[in-house]
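# Overview (structure and organization)
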Amino acid sequence: MARQQRTQVGIIGAGPAGLLLARLLKLNGIESVILEDRSRAYVEARIRAGVLEHGTVKLLEEAGVAERLHREGLVHEGVELGLDGGRFRIDLAGLTDKTITVYGQSEVVQDLIAARLAGDGPIVWEASDVALHDFEMDRPRLTYRAGGVDHELACDFIAGCDGFRGASRSSLPASRLRIYEQDYPFGWLGILADVPPCSEELIYASHPRGFALASMRSHTRSRYYIQCDRHEKLEDWPDDRLWDELKRRLGPDVAPRVTTGPALEKSITGLHSFVCLPMRHGRLFLAGDAAHIVPPTGAKGLNLAASDVHYLSRALVSHYARNDSTLLGAYSEQASARVWKAERFSWWLTLLMHKVHPDGSFAEQMQRAEIDYLLSSPAGQTVFAENYVGLPF
Ligand code: FAS
Ligand code: PHB
């Protein structure tokens, strides 16, 4: 016999989407339980995104978890694009009056977990066999196993915040889903190292050998990526080879400022564009990577998780506080409208900056012409800046 529990919103996943949703609901008097299949240590140590849009920072402020972010995060007013060894700065603040903040996703997650465990409500760590039931009716349930005991969680709504490979989307019949996706014929080889960044701001470099990105986590910790074949093996990329390739692609004026050091983390990530609609199924709402994936080029993944939570939290508050379910009905359409704009920007910037076309091809010339236009046009730079700092919710 399963142990019986009840809450208002059952949340699957303790990533940015699930944790931020739980926090915003709690601040509005709405109870939730978070089911997470990994351990707290695993979740807090996961290395992922590093750039927060203007709107995401505002949402974290609203959630009351931005104190360390403002103390330790790095506010950036611009970003650099590299082409043929040269660099061009896009003045984000001058063009949009907004900035981005460099603050690792693992830090955001740690801040949200700390707030949750300070009295907001439970996170069930290492919850296995999470299954969704009756979400098409008005009494949805979640079943799961934790601590060797079977549990049943009755709730009013289920938030599927369990990422791209979670249980929520996979519990939906394929006939109910409209899937839109695109793969890219390359991946990103990333390295995290305790060395000072080579530049004050991020550098996105387009190079004949492939794309490179210089990012950071702090003034003493750097995050770099280079475009690689998606079937590459990590063992083929000892640190020295990676550092040499990165310097070649960042160009002769940046290379001397690249401080090398041992990798704290090294990984190869595939690039995908993916959207699953609708994002609502009865009393199940998908949010974050459970509903969509973007190539990391535009730094949108984490920020889209926050975007969905902006819409879903307001819809649930409206339901409980004013018995008005209009926003719940509009959730999929409202959230996905912003998702599509971020999907477009991420897809566009990925194809613009990566080595995609054969040397000397017409398509390669078109790519170069578009970068040349972007670097010479205030209008083109404004389009880039508006999308990069984050479009309005
Ligand atoms: P998450 O995947 O973060 O969280 C889902 C949670 O659900 C996880 O904790 C998982 O353990 C849990 N879960 C899964 N299945 C479950 C189940 N059946 N039961 C219970 N719990 C379950 N974005 C960027 O903007 N920039 C980047 O550089 C970047 N790099 C990335 C690198 C990698 C390797 C990956 C995978 C993603 C990267 N992303 C990046 C995107 C990433 O940041 C996501 O967009 C972000 O984590 C989305 O947050 P969530 O939707 O909360 O999903
Ligand atoms: C990162 O710092 O991890 C990062 C920054 C910008 C991106 C992608 C990743 O576009």
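Residues numbered from 1 in each chain as written. Chains lettered and ligands numbered in written order. Predicted model: local features only at pLDDT ≥ 70, side-chain atom pairs only at ≥ 80, totals over all residues. Heavy atoms only, no water.

## A word on the overall build of the protein chain
Helix and strand content of the protein chain: twelve helices and 21 strands. Relative to its length of 393 residues, the protein chain is compact, with a C-alpha radius of gyration of 21 Å against a globular reference of 21 Å. Burial statistics for the protein chain: of 393 residues in total, 54% are counted as buried. Carbon together with sulfur atoms contributes 51% to the accessible area of the protein chain, which is approximately 16,400 Å² in total. (Helix = DSSP H or I, 4+ residues; strand = E, 2+ residues; numbered from the N terminus. Rg over C-alpha atoms; globule rule 2.2 N^0.38 Å. Buried < 20%, exposed > 50% of the residue type's maximum accessible area, 1.4 Å probe, protein only. Areas by Shrake-Rupley, 256 points an atom, 1.4 Å probe, with all protein chains shown as cover.)

## Concerning the domain arrangement of the protein chain
Domains assigned within the protein chain are domain 1 (3–76 + 102–180 + 272–349) and domain 2 (184–271 + 355–389). The gap between the C-alpha centroids of domain 1 and domain 2 is 29 Å. Domain 1 puts 25 residues into the contact, and the matching count from domain 2 is 22 residues. Interface area for domain 1 against domain 2, summed over the two sides, is near 2,000 Å², with a carbon-plus-sulfur share of 64%. Looking only at domain 1, the three residues that lose the most surface to domain 2 are Ile47, His76 and Trp348, adding up to 25% of its buried area. Between domain 1 and domain 2 we count zero salt bridges in total. Remark: the boundary between domain 1 and domain 2 carries nine residue pairs in polar contact (both at pLDDT 80 or more). Where the side of domain 1 that touches domain 2 is concerned, the elements lending two or more residues are β5 (74–76), β18 (263–277) and α10 (326–353). (Domains from an automatic or database assignment. Contact = heavy atoms within 4.5 Å. Buried area = accessible area lost by both parts, 1.4 Å probe. Salt bridge = Lys/Arg side-chain N within 4 Å of Asp/Glu carboxyl O. Polar contact = N/O pair within 3.5 Å; in protein donor to acceptor, adjacent residues only side chain to side chain.)

## Some details on the site of ligand 2
Taken together, 14 residues lie near ligand 2, and Tyr204, Ser215, Arg217, Tyr225 and Pro296 sit nearest. At a separation of 2.6 Å, an oxygen atom of ligand 2 approaches a polar side-chain atom of Ser215. Contact distances for ligand 2 include 3.4 Å between an oxygen atom and a backbone N or O atom of Ala299. Elements represented by at least two residues in the shell around ligand 2 include exactly β16 (212–216) and β17 (222–228). (Near = heavy atom within 4 Å.)

## Description of the site of ligand 1
Lining the immediate environment of ligand 1, one finds 30 residues, of which Glu36, Arg46, Arg48, Gln105 and Asp289 sit closest. A distance of 3.2 Å separates an oxygen atom of ligand 1 from a polar backbone atom of Pro16. Within the complex, 84% of the 1,000 Å² of free accessible area of ligand 1 lies under protein. Those elements giving two or more residues to the shell around ligand 1 turn out to be α1 (16–26) and α9 (301–322).

## Focus: the pattern of salt bridges
The tally for this structure, following the rule as stated, stands at 28 salt bridges. Its salt-bridge partner being Glu152, residue Arg141 comes within 2.8 Å of it at the nearest N-O pair. In this pair, Arg141 sits in strand β11 (residues 141–146) while Glu152 sits in strand β12 (residues 149–154), placing the two residues eleven residues apart along the sequence. A relative accessible area of 22% means that Arg141 is categorised as partly exposed. Taken together, the salt bridges that share partners define one network made up of Glu67, Arg68, Arg71, Glu72, Glu107 and Asp111.

## With respect to the nonpolar core
In this structure, Leu20, Leu21 and Leu312 are the most contacted members of the largest nonpolar core, which totals 74 residues. For this core, the element with the most residues is α9, which contributes ten residues. Ignoring anything within four residues of it in the chain, the contact list for Leu20 reads Leu59, Leu60, Ala63, Leu112, Ala306 and Val309. Tyr204, Tyr225, Phe345 and Leu375 belong to the second-largest nonpolar core, a separate cluster that totals 32 residues. (Core = buried A, V, L, I, M, F, W, Y, C linked by side-chain atoms within 4.5 Å.)

## Observations regarding the environment of His231
Positionally, His231 belongs in the loop between β17 and α8 (239–250). In this structure His231 comes out as exposed when scored by relative accessible area, which is 58%. Separated by 54 residues in the primary sequence, His231 and Phe285 place their C-alpha atoms 34 Å from one another.

## A closer look at the packing of α1 against α9
The geometry of a pair of packed helices is captured by two quantities: the angle between their axes and the separation between those axes. It is at 9 Å that the axes of α1 and α9 come closest, and there the two elements cross at 30°. Judged on the interaxial angle alone, α9 and α1 are roughly parallel. Classified by chirality, the crossing of α9 by α1 is right-handed. Seen from α1, the contacting residues are Pro16, Ala17, Leu20, Leu21, Leu24 and Leu25; seen from α9, they are Leu302, Ala305, Ala306, Val309, Leu312, Ser313 and Leu316. The residue inventory of the contact of α1 with α9, partitioned by class, reads twelve nonpolar, one polar and no charged. (Axes fitted to C-alpha atoms, helices over the stretch in contact; angles between N-to-C directions. Parallel < 35°, antiparallel > 145°, perpendicular 65-115°, else oblique. Left-handed = near helix turned anticlockwise from the far one by under 90°. Nonpolar A, V, L, I, M, F, W, Y, C, P; charged D, E, K, R; others polar.)

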